[in-house]
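Working through the structure, step by step
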Amino acid sequence: ATGMVWAETGGEIISVEAALMPGAGTLILTGSLGEILRESAQTALSFLRSKAGEFGVPDDFFRNADVHIHFPSGAIPKDGPSAGITIFAALLSLLTRKPARRDVALTGEMTLIGRILPVSGIREKVLAAKRAGVQLVLLPRANQEEVESLDTDVIEGVRLQLVANATEIIEPLFARQTFILSS
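Parameters and conventions
Residues numbered from 1 in each chain as written. Predicted model: local features only at pLDDT ≥ 70, side-chain atom pairs only at ≥ 80, totals over all residues. Heavy atoms only, no water. Pairing = 2+ DSSP bridges. Helix = DSSP H or I, 4+ residues; strand = E, 2+ residues; numbered from the N terminus. Axes fitted to C-alpha atoms, helices over the stretch in contact; angles between N-to-C directions. Contact = heavy atoms within 4.5 Å.

Take the sheet that holds strand β3 (residues 17-22) next. The sheet built from 3 strands is open, its strands ordered β3-β5-β4 with mixed pairing. Sheet topology places β3 and β4 (27-30) at the edges, where each strand pairs with a single neighbour. With direction set aside, neighbouring strand axes in the sheet form an average angle of 20°. As paired elements, β4 and strand β5 (residues 65-70) share 4 bridges and run parallel to each other. Across the sheet, residue Leu29 finds its bridge partner in β5, namely Ile69. On top of the sheet, helix α1 (residues 35-50) reaches β4 and β5; it is set at about 145° to β4, its chief contact. Taken strand by strand, helix α2 (residues 84-96) contacts β3 and β5, and its axis lies near 45° from that of β3.

Written out as structure tokens, the structure reads:
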């Protein structure tokens, strides 16, 4: 899944990868992560486990398996709550075997009941998504005022969608992609 985060240098795009393997129910996190990001991963996994049946995931998927979540570019330290919804998206993609769209990017802190909380750096994150060729940006509804105040040149060429709950990312993130072939 593709996420957007704020760094000292401005907005950045991050990838979140997830893998499932035989094991004993361990959550493995790699990629030079800080404590807040580790908590976001645990929260996303717990939310998914608590609603597994609603997402079409076996309730006991974690019983005999380990989940590995990786943030590439491990040498770069990462922390903050903004990737919570992106972690959930990567896990849901893994467990439903549906690929997350590459042209969709997300940001938002996620609670244990799936609410998406506001985050900072919306302008910088949208600009990073545009630079990366993202077509659709999913942002917390709680950031609506900030989103509405974005300059036209910031949002030109990218669609923005506000979401209040983790379940609202499913349709846009996993919707069938159409590809235009050029000759």
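Each strand in a sheet pairs with its neighbour through backbone hydrogen bonds, running either in the same direction (parallel) or in the opposite one (antiparallel). Pairing in this open sheet of 5 strands is mixed, and the strands run β2-β1-β6-β9-β10 from one edge to the other. Single-partner strands in this sheet number two, and they are β2 (10-15) and β10 (159-163). Going from strand to strand, the sheet's axes swing by 30° on average, the running direction of each strand aside. As paired elements, strand β6 (residues 104-106) and strand β9 (residues 136-140) share 3 bridges and run parallel to each other. When the bridges of β9 are listed, Ala105 appears paired with Val137. Across the sheet, helix α3 (residues 122-131) lies against β1 (2-7), β2, β9 and β10, angled at about 55° from β2, the strand it touches most.

Examined bridge by bridge, β1 and β2 share 6 bridges and lie antiparallel to one another. Residue Trp6 lies in a different strand from β2, and its bridge partner there is Gly11. Linkage of β1 to β2, two consecutive antiparallel strands, is achieved through a turn of 2 residues.

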